[in-house]
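Now for the letters of each chain:
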Amino acid sequence: SNAEYMGTLSRNLLPAVVKLAEDKQWRVRLAIINEIPILASQFGVSFFDEQLMELCMNWLSDKVYEIRLATTEILKRLTELFGVEWARSKLIPKVLQLTANRNYLYRMTVLFAIKQMATVVNRDIVQQQLLPAVLKLANDPVPNIRFNCCKTLEVLLPNVTDSTPVKATLTKLHDDPDVDVRFFAGQALTLC
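All of these numbers come straight from a predicted model, not from anything done at the bench.

Cut-offs used in this document
- Residues numbered from 1 in each chain as written.
- Predicted model: local features only at pLDDT ≥ 70, side-chain atom pairs only at ≥ 80, totals over all residues.
- Heavy atoms only, no water.
- Core = buried A, V, L, I, M, F, W, Y, C linked by side-chain atoms within 4.5 Å.
- Buried < 20%, exposed > 50% of the residue type's maximum accessible area, 1.4 Å probe, protein only.
- Contact = heavy atoms within 4.5 Å.
- Salt bridge = Lys/Arg side-chain N within 4 Å of Asp/Glu carboxyl O.
- Helix = DSSP H or I, 4+ residues; strand = E, 2+ residues; numbered from the N terminus.
- Arc of directions from axis to C-beta.

1. Section: the nonpolar core
Part 1: Ranked by internal contacts, the top residues of the largest apolar core, which has 66 residues, are Phe-48 and Leu-78.
Part 2: Leaving out residues up to four positions away in the same chain, Leu-78 has contacts with Ile-36, Pro-37, Ala-40, Phe-48, Cys-56, Gly-83 and Trp-86.

What follows is the structure, given as structure tokens:
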């Protein structure tokens, strides 16, 4: 039967995928990342949640920028595949855990992921999950995080019902000691 075939295939394929997902060569990891949506669509949401979700979360904190960036694009595709409700309950909470990471590069990756997912989720998710995370990161000690918050807020603004907290945050960042933060805050303020 098809179920038996898929079971056999997943048992044989999964160890290879996991091994390649942790390959020392980042281009090998990247090739596997790009296959994840295909595997996810073939094997379904419960298989993904049980077998592949952890790999994706690990890639978000990969030491190679290209891997982290490609993973944020995959998260968008997975949201399109499995739906907004799945993203709200399963994916986004895991992604947002990285906002507390000590490494600023991984906090930055959260912002990239939010920008990607914001284009495929509904207004409620933007308002209740994504926006609060960005507003919190706007107080980050690292200027690169703060100016990327400004860029991310630009993407979120069309789906924000009450822009008051966004405007307040951007106004504060417009007086930031860092010149880049001030520039991007000013740019985003024109959209409020």
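2. So, the pattern of salt bridges
Part 1: The tally for this structure, following the rule as stated, stands at four salt bridges.
Part 2: The salt bridge involving Arg-107 is made with Asp-140; its shortest N-O contact spans 2.6 Å. On the criterion of sequence distance, the pair formed by Arg-107 in helix 6 (residues 104-118) and Asp-140 in the loop between helix 7 (123-137) and helix 8 (143-156) is long-range, its members being 33 residues apart. Both residues of the pair, Arg-107 and Asp-140, count as buried.

3. As for helix 9 (residues 164-173)
Helical geometry: 3.6 residues make up each α-helical turn, so side chains three or four residues apart lie on a common side.
Part 1: Along helix 9, the residues that are buried comprise Val-166, Thr-169, Leu-170 and Leu-173. The arc that holds every buried residue of helix 9, seen down its axis, measures 95°, which confines them to one face. In helix 9, the exposed positions that point more than 90 degrees away from the buried face belong to Thr-164 and Lys-172.

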